[in-house]
Amino acid sequence: MAAAEPTTRTLPDPPPALAMRDLIVTFGPTRALDGASLTVAPGTIHGLIGQNGAGKSTLIKVLAGLVTPEAGTIALHGNPVAGITPARVEDLGIAFIHQERLLVPTATVGEALFLGREGAGSRFGCLLGGLQKRAEAAIGRFFGIRLPRNALIRDLTIAQQQIVQITRALLAEPKIVVFDEPTAALAKREAEHLFAAIARLKAQGLTTIYISHYLAEIERLCDAVTVMRNGRDVAEVDPRRTSTAALTRLMVGRDVSDLFPRHRAEPGAPMLALAGVSVPPALRDMSFVLRRGEVLGLTGLLGSGAKELVQALFGLLPIKSGTVTVDGRVAHVANPHDAVRRGLALVPENRRAHGLALNLGIRENLTLASLDRVSRRGWLDRVRERAQALRLIGDLQIKAAGPEAPVRTLSGGNQQKVVLGKWLAREAGLYILDEPTIGVDIAAKAEIYRLIAGLAEGGAGILLLSTDLDELLGICDRVLVLYRGAIVSEHPTAGTTADSLLNATLTGAGACARACAETSRAA
Ligand SMILES: Nc1ncnc2c1ncn2[C@@H]1O[C@H](COP(=O)(O)OP(=O)(O)OP(=O)(O)O)[C@@H](O)[C@H]1O
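Small disclaimer: the values here were computed from a predicted structure and weren't measured.

Criteria and cut-off values
Residues numbered from 1 in each chain as written. Predicted model: local features only at pLDDT ≥ 70, side-chain atom pairs only at ≥ 80, totals over all residues. Helix = DSSP H or I, 4+ residues; strand = E, 2+ residues; numbered from the N terminus. Buried ≥ 20, exposed ≤ 12 C-beta atoms within 10 Å, placed from the backbone. Contact = placed C-beta atoms within 7 Å. Core = buried A, V, L, I, M, F, W, Y, C linked by C-beta atoms within 7 Å. Near = placed C-beta within 6 Å. Nonpolar A, V, L, I, M, F, W, Y, C, P; charged D, E, K, R; others polar. Pairing = 2+ DSSP bridges. Axes fitted to C-alpha atoms, helices over the stretch in contact; angles between N-to-C directions. Arc of directions from axis to C-beta. pLDDT = per-residue confidence, 0-100. Right-handed = clockwise from strand over helix to strand, strands pointing away.

Draft legend 1. Summary view of the overall build of the chain. The helix and strand inventory of the chain stands at 18 helices and 22 strands. The 523 residues of the chain split such that 45% are buried. Residue pairs at least 24 apart in sequence account for 69% of intrachain contacts in the chain once pairs closer than 6 positions are excluded.

Take a look at the structure:
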C-alpha cells in the first residue's frame, strides 16, 4: 500500500471586512443606487471611483447610516448588520474622514482630539498639559510626526488639520476607515504626507476605502478598485494592472481621448496688467500681463500668496500699492460688485459656500450671473433662459433629474459644474478660475478644458489658479510660480515638465526671472 500523501490544509480566506450587496436607494425620480455592491478584503486599501453622480457618496452614506436603502444587505467581517444608524457607526468599527474640515479653528490640537470623547477631560476640566501630551503621543503613534506645540487648529496647514481629524477618528479604534476625496484641498507635498500616513495605517492592519477622482492616486495607493456607473458597480479591478485609459473607459462607458485641447489663439492686447502690486503681508511687488486669448496659470504651495492674489483682484482684499489695469484702464476694484462691473468673473474654489443658491433649481443658478443676457427690455426671456440652461447642462454633462432640480440634490461634482456653468454663461472678458476641476470627473474635466480653450479663442483672458501641474501644463500658455508672496518664475508650458514646475513651487527657484521682468516692462 502506498504511503498516504501528506495533506496540505489551506486556511479559508478571511471574510471580507465589508460586503455590501445589491443596494437600492431612490431619491424622488433618481435611482442613486441601482443594485450596487462593494466587497472589501480586510487589511487592504480599496478604491471607489466613478463619474460625478455615479452613486459613490450615496453608497458611503448607506454605510454611515445616513441613508436607509430600500433593498440590499450589509455584512461586516462576515456578520450581517441591519439598521445602521450614525450613532452605531463608531461601535461597528467604521470611521469616516470627510472632505470638509469639521474641527473648531480655535481649539488646541489636544482639545480637537479628545474633547467630546469619553474619558477625555478630567473632572477638573481640560488639563491642557495632559491633553497636549496625549495628543502628541497619539499623533506620533499613528503618523510618526510631531505637530507644532500649543498650536491652534487654525494655525495648522490643511494637511496637518487632516492628520488631527484622522487621528481623532483612529482613537475610536476603527477597523475600517473611509476617506472621501481626501486630497482635494491639499497641495502636492501635503498629499504625499497623507499617502504615507495611509500606507502606515495599512501596515497596522486597518482596512481603508478610498474615494478619489485622481486616478493616479488610485493606481498608486489601492490594492483593488471598484468602478461605479449609474448607481451600479460595473467592475472590480487591480488598478496597478489596469491602465488609466481602461479605468476611464469603465467609468465613463467610452474612451475619453484628448483630455487637453490645444487652443491656438494668438495672444492679443493686454487684458489684465499688474504693476508692482502689494497686498501686505501676503504679496509684494507683483507684476505680470495677461493678454486676450491667453490662459495664464498661477501656482504655488499654500501660503505662496496665490489665493490672496485672486482675492485681491476680485476686491476681497485691499491692494496697498501698485496698479491693476483691466482692458487698458486703471481699475480700483474695491469689492466683488466692482469686479463684476469691470467684466471679471471669478469661479471660487469653495464653490458650495460662495457660488450657489442651494435651494434654487439648476436653471436659475446657471443664469443668475447672466440675467442681462437672457432678458429683453428688463423682462426675463424664459425661453432663452431655459435654452441656455439646457445647453450648459448638456455641455458640462450635469447629471440631474431635470433643469428644475434643486442644486442641493446634486452630487458634489455636479454642484461644481453648475457654478462653473453659471460664470461661463456670463461670457465675461476676464476669468479668474480657482481650482476649476477639483472634485470633477474626468469626462467633465475634458469638457471644462474645452470650454476654457473656447473662451480664450473667443478673446477672453483667463487666469487659472491650480495645484494640478498636469492641468496647468495641459491648458495654459504660461505658468507663473508664486513662492512666499512673490512671483519667482515664469514657465512657457511648451517644453516645461511637471517635475521642473514642482521643483519651482517647492524651492522657489527663480528659473526665468528675466521673462518676468520682460512682462512687467510690457505692463
Ligand atoms: N438628497 C438627494 N436628493 C435627491 N437626489 C440625490 C440626493 N443625493 C444624491 N442624489 C442623486 O443621486 C445620484 C448619486 O449621487 P452621489 O452623490 O452618490 O454621486 P457621487 O458618485 O458621489 O458623485 P460626485 O463624484 O459628484 O460626488 C445623483 O444623481 C444625485 O443627484
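There's more to say after this.
Draft legend 2. Geometry of the nonpolar core. Counting residues in hydrophobic clusters, the biggest one holds 143 residues, and the most contacted among them are Val178, Tyr431, Ile462, Leu463 and Leu464. Contacts of Ile462, omitting those with residues within four sequence positions, involve Val295, Leu296, Tyr431, Leu433, Ile452, Leu455 and Ala456.

Draft legend 3. Geometry of the site of the ligand. As a structural note, the neighbourhood of the ligand is formed by 20 residues, with Phe27, Ala32, Ser57, Ser411 and Gly413 the closest of them. Among the secondary structure elements, those contributing two or more residues to the shell around the ligand are strand S2 (30-40), helix H1 (56-63) and helix H14 (412-424). By residue class, the composition of the shell around the ligand is five nonpolar, 13 polar and two charged.

Draft legend 4. Representation of the sheet that holds strand S14 (residues 321-326). Overall, antiparallel pairing links the four strands, which are arranged S12-S11-S14-S15 in an open sheet. Bordering the open sheet on either side are strand S12 (283-291) and strand S15 (329-330), each of which pairs with just one other strand. Two strands pair when backbone bridges link them, and strand S11 (residues 270-279) and S12 are joined in this way by six bridges, in the antiparallel orientation. The partner of Val277 across the bridge, within S12, is Met286. Against the sheet, helix H9 (residues 306-313) engages S11, S12 and S14, with an angle of about 70° to S12.

Draft legend 5. Looking closely at the sheet that holds strand S21 (residues 478-483). The mixed open sheet is built from six strands, whose spatial order is S16-S19-S20-S13-S21-S22. With one partner strand each, in any of the chains shown, strand S16 (344-347) and strand S22 (486-492) form the two edges of the open sheet. The sheet shows a mean angle of 20° between the axes of neighbouring strands, taken without regard to direction. Across five bridges, strand S19 (residues 430-434) lies against strand S20 (residues 461-465) in parallel orientation. Counterpart to Leu433 in the pairing with S20 is Leu464.

Draft legend 6. Geometry of helix H8 (residues 244-252). All of the buried residues along H8 are Leu247, Thr248, Met251 and Val252. Projected down its long axis, H8 shows its buried positions confined to an angular sector of 115°, all on one face. Tucked into the core, H8 has its buried residues touching strand S3 (45-50), helix H7 (215-221), strand S9 (224-229) and helix H15 (442-457). Downstream of H8 by one or two residues, Gly253 has phi in the positive range, about 85°.

Draft legend 7. How the structure looks around helix H17 (residues 498-507). Residues Leu501, Ala504 and Thr505 constitute the buried set of H17. Looking straight down H17, one finds its buried side chains confined to an arc of 95°; they lie on one side. Away from its buried face by more than 90 degrees, H17 exposes Asp499 and Thr507. Structurally, H17 contributes buried residues whose contacts are with strand S13 (295-299), helix H16 (469-475), S21 and S22.

Draft legend 8. Representation of unusual backbone geometry in the model. A cis geometry characterises the amide bond from Pro280 onward to Pro281, with omega recorded as 0°. Residue position: Pro281 is located in the loop between S11 and S12. You will see that Asn230, though not glycine, has its phi angle at about 45°, which is positive. Along the polypeptide, Asn230 turns up in the loop between S9 and strand S10 (232-237).

Draft legend 9. The confidence of the model for the chain, seen in detail. Across the chain, pLDDT averages 83, with 86% of residues at or above 70. Every residue in residues 119-126 is under pLDDT 50, and counting partners more than four places away or in other chains gives eight contacts. A low-confidence stretch, residues 511-518 stays under pLDDT 50, and its non-local contacts, those more than four residues away or across chains, total 10 contacts. Under the prediction, the complex receives an ipTM of 0.97, its pTM being 0.72.

Draft legend 10. Local environment of the environment of Pro281. Of the residues examined, Pro281 has 10 C-beta atoms within 10 Å and is grouped as exposed. The sequence separation of Pro281 and Gly485 amounts to 204 residues, and the corresponding C-alpha distance is 8.1 Å.

Draft legend 11. Expanded view of the pairing of strand S6 (residues 94-97). Burial along S6 is two-sided: the face carrying Ile94 and Phe96 and the face carrying Ala95 and Ile97 are both buried. As defined by bridge partners, S6 adjoins strand S7 (residues 176-180) across four bridges and the pair is classed as parallel. Looking at S7, one finds that Ala95 is bridged to Val177.

Draft legend 12. The pairing of S20, seen in detail. Among the five residues in S20, five count as buried, and that is most of the element. The side-chain alternation of S20 yields two buried faces, one formed by Gly461, Leu463 and Leu465 and the other by Ile462 and Leu464. In this structure, S13 lies alongside S20, joined through four bridges in parallel fashion. Note on S20: the bridge partner recorded for Val295 is Ile462. Read from S19 through H15 to S20, the crossover connection turns out right-handed.

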